[in-house]
Amino acid sequence: MHRKLMVAFLLCAAPAMAQTVAIRAGSLIDPAKGTVSKDQVIVVKDGKIAAVGASVAIPKDAQVVDLSKEWVMPGLMDAHTHVTFEEIPGKAPFEAMYLKESTAYRALQGVHIGQVLLNAGFTTMRDVGNEADYACEDLRKAIHQGWVDGPTLQCSGKIIGPFGGQSKGMPEEVGGFWLHEYIDADTADEIRKAIHQNIYYGADLIKLATDNSDYFYTEDEIRAAADEAHNAGRALAVHVYGGKAADNVIRGGADSVEHGFTLTEEQLKLMKEKGTYLVGTDFPEAHLAGLNPSNDTLADAKKLGDQIIARLNVANKVGVKMAFGSDTVTSMPGRTRADMVFDYLAVWKAAGVSNANILKAMTTNCADLLRISKERGAIAEGQYGDIIAMPGNPLEEIESLRKVNFVMKNGKIVREAK
Ligand SMILES: [Zn+2]
């Protein structure tokens, strides 16, 4: 190649030069403490926060972003998402997506849903499965390469469960079609092997679904999974609603109970004692009504909606560690995935959780559960530049989060305040 052409080519192909950005933050929220600092300057350099404070000087070469009239806080997180999955209520059971959509289609769907959520302020998401053949891991790589914008993603790989995935009552002659999305593992050794497979294909965490049938994992099997995941530096998330199956999950050492709709106060107290997170996926009643019931628990939206609020209320009083998780998988006409995720705020409010604790659950606590507290979840020196802003104060009115109008991820402005 001609030398001049070569230089031109390299310039075009090189990623955008790292830019220093200085943000004037009128009101800076620290969700870990629920406090506000006025008139702060945040300097972001090479993707990370270089300095923050009232008397921080603005570097000469910095792009200045004026958020002096805004409420600024760390990017939001969701510990239970399915970015590569969407069910259209009333159209088809969720199994139809396994059969009709390719892994490539699901990855592209993940680009779209990930961008909708990123633009709404969710800079980090933990995807807990239903991603066909590891679509989330490919999406994560594409985002990392800078080919597409998207949130920072953690991916679970295939969901590991006792025989049958999350499908019930399928005819025997159909065969294990759920294996497109799940790994059947019915002994501690099979669980270990499934974990190895997921890690091999890029899983950042391990997700089990234990109680989709009358059989479920024993405490020893959960412990085997927890040990295997922890030895590999990964958290163990377990889908369980309640009952004896949940006892086993909590006692076996899972890092988080996903859903836990029917957990008792006693179980919540045990979780507090053991430091287990509740990722409650606290569905609003209207969303529950749109789900295709896969089991009896999901059949009565009103009853379950009330039960979720009551359970969240008790969990909050007991003082269980809680990380925000939405589990939004359905689509509703005229509404984005982000609109639907913000609907959960009303449930948290109805359960009596303070706005400060909701913000904590959506940032600090998620970062802790995701094992990324040293990198994300706070606006502090050394953290990644994951910063959002909005015109209203979410500590006063939590619904202000719906009006996020500035989003920065890894120091890159993906949405500018107007
Ligand atoms: Zn889920």
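Cut-offs and rules
- Residues numbered from 1 in each chain as written.
- Predicted model: local features only at pLDDT ≥ 70, side-chain atom pairs only at ≥ 80, totals over all residues.
- Heavy atoms only, no water.
- Phe/Tyr/Trp six-rings, centres within 6.5 Å; stacked < 30°, edge-to-face > 60°.
- Helix = DSSP H or I, 4+ residues; strand = E, 2+ residues; numbered from the N terminus.
- Buried < 20%, exposed > 50% of the residue type's maximum accessible area, 1.4 Å probe, protein only.
- Lys NZ or Arg CZ within 6 Å of the ring centre and 35° of its normal.
- Donors = N, O, S within 2.8 Å, 3.2 Å for Na, K, Ca; no water.
- Domains from an automatic or database assignment.
- Contact = heavy atoms within 4.5 Å.
- Buried area = accessible area lost by both parts, 1.4 Å probe.
- Pairing = 2+ DSSP bridges.
- Right-handed = clockwise from strand over helix to strand, strands pointing away.
- Disulfide = S-S within 2.5 Å.
- Salt bridge = Lys/Arg side-chain N within 4 Å of Asp/Glu carboxyl O.
- Core = buried A, V, L, I, M, F, W, Y, C linked by side-chain atoms within 4.5 Å.

Caption draft 1: Structural context of the packing of aromatic side chains. A complete count under the given rule lists 13 aromatic pairs for this structure. A ring pair is formed by Phe122 and Phe342, whose centres lie 5.5 Å apart and whose planes are at 35°; its orientation type is tilted. With a gap of 220 residues between them, Phe122 in strand β6 (residues 122-127) and Phe342 in helix α11 (residues 337-342) connect regions that are remote in the sequence. This pair shows no difference in class: Phe122 is buried, exactly as Phe342 is. Here Phe324 and Trp348 contribute two aromatic rings whose centre-to-centre distance is 6.0 Å and whose plane-to-plane angle is 45°, an arrangement assigned as tilted. Of this pair, Phe324 sits in the loop between α10 (301-318) and α11 while Trp348 sits in helix α12 (residues 344-350), placing them 24 residues apart in sequence. Judged by relative accessible area, which is 0%, Phe324 ranks as buried. Joined through ring pairs, the aromatic side chains of Phe122, Tyr241, Phe261, Phe283, Phe324, Phe342, Tyr344 and Trp348 make up one cluster. Lying over the aromatic face of Tyr384, Lys48 brings its terminal NZ or CZ to 4.7 Å of the ring centre.

Caption draft 2: Structural view of the coordination of the zinc ion. The coordination sphere of the zinc ion, as far as protein atoms go, consists of His80 (NE2), His82 (NE2) and Asp327 (OD), spread over 2.1 Å. The motif formed by the donor residues of the zinc ion, counted along the single chain, is H-x1-H-x244-D. Of this pair, His82 sits in the loop between β5 (76-81) and α2 (95-100) while Asp327 is found in the loop between α10 and α11, placing the two residues 245 residues apart along the sequence. Given a relative accessible area of 4%, His82 falls into the buried group. Judged by its relative accessible area of 9%, Asp327 falls in the buried class.

Caption draft 3: Expanded view of the domain arrangement of the protein. Structurally, the protein comprises domain 1 (3-75 + 378-415) and domain 2 (76-369). On a C-alpha basis, the centres of domain 1 and domain 2 stand 30 Å from each other. If you look at the interface, domain 1 gives 25 residues, while domain 2 gives 28 residues. Surface buried jointly by domain 1 and domain 2 totals about 2,000 Å² across both partners, of which 60% is contributed by carbon and sulfur atoms. Of all residues in domain 1, Ile398, Arg402 and Lys409 give up the largest surface area on contact with domain 2, accounting jointly for 30% of the area buried on that side.

Caption draft 4: Seen up close, the pairing of strand β7 (residues 152-155). On β7, burial covers both faces: Thr152 and Gln154 on one face and Leu153 and Cys155 on the other are all buried. Alignment of β6 against β7, held across four bridges, turns out to be parallel. Within β7, the position partnered with Arg126 by the bridge is Gln154. A crossover connection joins β6 to the parallel β7 through helix α4 (residues 135-145); in handedness this β-α-β unit is right-handed.

Caption draft 5: Representation of the state of the cysteines within the structure. Applying the stated criterion to the full structure yields one disulfide. Between the sulfur atoms of Cys136 and its disulfide mate Cys155 the distance is 2.2 Å. Looking along the S-S bond of the Cys136-Cys155 disulfide, the torsion reads about -70°, which is the left-handed sense. Of this pair, Cys136 sits in helix α4 while Cys155 sits in strand β7, and the two are 19 residues apart along the sequence. For the pair shown, Cys136 and Cys155 are each scored as buried. Of all cysteine sulfurs, the one in Cys136 lies closest to Cys366, which takes part in no disulfide; the gap is 15 Å.

Caption draft 6: Representation of the pattern of salt bridges in the model. Scanning the entire structure with this criterion turns up 21 salt bridges. Of the charged contacts, one joins Arg106 and Glu101 as a salt bridge, the two residues approaching to 3.9 Å between their closest N and O atoms. Using a relative accessible area of 15% as the deciding quantity, one classes Glu101 as buried. Residues Glu219 and Arg223 are paired through a salt bridge, measuring 2.6 Å at the closest nitrogen-oxygen approach. Highlighted residues: Glu219 and Arg223, both in helix α6 (residues 219-231), separated by four residues, approximately one helical turn. Using a relative accessible area of 31% as the deciding quantity, one classes Arg223 as partly exposed. Among the ionic contacts, a cluster of salt bridges with common partners joins Arg335, Asp343, Glu399 and Arg402.

Caption draft 7: How the structure looks around unusual backbone geometry. With a phi angle near 60°, Tyr134 is a residue other than glycine that sits in the positive phi range. Tracing the sequence through the fold places Tyr134 in the loop between β6 and α4. Backbone geometry at Arg371 places phi at a positive 60°, although glycine is not the residue there. With respect to the helices and strands, the residue Arg371 is situated in the loop between α14 (364-369) and β14 (387-390). Judged by its relative accessible area of 42%, Arg371 falls in the partly exposed class.

Caption draft 8: Examining the nonpolar core more closely. Counting 88 residues, the largest nonpolar core has Phe122, Ile160, Leu208, Leu236, Leu278 and Leu401 as its most contacted members. Sorting elements by how many residues they give to this core places α10 first, with six residues. Sequence-distant contacts of Leu278, defined by excluding residues within four places in its chain, comprise Val257, His259, Leu263, Leu268, Met271, Arg311, Ala315, Val320, Lys321, Met322 and Ala323. Among the nonpolar cores identified, the runner-up in size contains 16 residues, and Ile23, Leu28, Val72 and Ile413 belong to it.

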